Amino acid sequence: MGKTTALVVIDMQRQFPAAQSRPLQARIKNAVAHARANGWSIINVRYLMDWEDERLVASLRPLLEQDDVQQVHKCDDDGSDDIAAMFKQLPHDPDIDGDGVPDRFILAGVNASCCVAETASGLADIYPEAEVIISEAVADCSARVDYHTRVGCNKWAAQYTYNDYGTNKVKAQRIFQ
């Protein structure tokens, strides 16, 4: 059996300024199209906040609010436990797909140095046999600012470098060029 892959899109919500990046939105659209064309699972992770608008950015709603996309809500920066809980609830055939968990997770979204990196690290801990990759379809605000303000949002997807991920369990790789 070949490798199974899941594209995990994180926090592409209106309240996060980095999610407003048009270059990032274009990369996410490309990533979702690539995932669908290759038969990958797609998981949309949203930060659940009852006091803010948690809707997706408008350009991504038609892509990520479809029936083939698993919706996961998280209440913390690291969404890995919520993703693992979602996999436990999905029906699967052990003879066909083992435990139903992909062999490879490819992450995209915001904020790269916080929610994306923490979710990637968490997935690597929960699923040590899985390959966990942070794709180029990520963006970040400065680590010194509130992610809910526009001030200091200076690292959009086109400028992001991978030197910030100090871990050997997770790798950064260009996937959707």
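It should be noted that the structure appears before, not after, this text.
Residues numbered from 1 in each chain as written. Predicted model: local features only at pLDDT ≥ 70, side-chain atom pairs only at ≥ 80, totals over all residues. Heavy atoms only, no water.

What is the right way to read the overall build of the protein from this model?
For the protein, the count of helices and strands is five helices and six strands. Tracing the protein from N to C terminus, the helices and strands come up as β-α-β-α-β-α-α-β-α-β-β. Across the 177 residues in the protein, those meeting the buried criterion constitute 47%. Once local pairs closer than 6 in sequence are excluded, the contacts in the protein between residues at least 24 apart make up 75%. Total accessible area computed for the protein in this model is approximately 8800 Å², and 47% of it derives from carbon and sulfur atoms. (Helix = DSSP H or I, 4+ residues; strand = E, 2+ residues; numbered from the N terminus. Buried < 20%, exposed > 50% of the residue type's maximum accessible area, 1.4 Å probe, protein only. Contact = heavy atoms within 4.5 Å. Areas by Shrake-Rupley, 256 points an atom, 1.4 Å probe, with all protein chains shown as cover.)

Help me out: how do you make sense of unusual backbone geometry in this one?
Most peptide bonds take the trans configuration, and most residues that are not glycine carry a negative phi. Cis geometry marks the peptide bond from Val110 to Asn111, where omega comes out at -25 degrees. Of note, Asn111 is situated in the loop between β4 (104-109) and α5 (112-126).

Teacher, can you tell me more about the nonpolar core here?
Generally speaking, nonpolar side chains in soluble globular proteins are found buried as a group. Formed by 52 residues in total, the largest nonpolar core has its most connected members in Leu7, Met12, Ile28, Ile43, Ile83, Phe105 and Leu107. Looking at this core, the elements that each hand over two or more residues are β1 (5-10), α1 (22-37), β2 (41-47), β3 (69-74), α3 (80-89), β4, α5 and β5 (131-138). The greatest single-element share of this core, amounting to seven residues, is contributed by α5. Every residue in contact with Ile28, bar those within four places of it in the chain, is listed here: Val9, Met12, Leu60, Ala108, Gly109 and Ala137. (Core = buried A, V, L, I, M, F, W, Y, C linked by side-chain atoms within 4.5 Å.)

Please explain the packing of α3 against α5 as it appears in this structure.
A pair of packed helices can be characterised by two numbers: the angle between their axes and the separation between those axes. Following both chains from N to C, one finds α3 and α5 inclined at 50 degrees, their axes separated by 8 Å at the closest point. In this view, α3 runs oblique relative to α5, as classed from their interaxial angle. Residues Ser80, Asp81, Ile83 and Ala84 of α3 form the contact with α5, whose participating residues are Thr119, Gly122, Leu123 and Ile126. Partitioning the contact of α3 with α5 into residue classes produces four nonpolar, three polar and one charged. (Axes fitted to C-alpha atoms, helices over the stretch in contact; angles between N-to-C directions. Parallel < 35°, antiparallel > 145°, perpendicular 65-115°, else oblique. Nonpolar A, V, L, I, M, F, W, Y, C, P; charged D, E, K, R; others polar.)

For this particular structure, what's the right way to read the environment of Gly122?
One can find Gly122 in helix α5. Residues Gly122 and Asp81, 41 residues apart in the sequence, show an inter-C-alpha distance of 7.5 Å. Excluding residues that lie within four positions of it along the chain, Gly122 makes contacts with Asp78 and Ser80.

What is the right way to read the side chain of Gln13 from this model?
With respect to the secondary-structure elements, Gln13 resides in the loop between β1 and α1. For Gln13, a relative accessible area of 0% puts it in the buried group.

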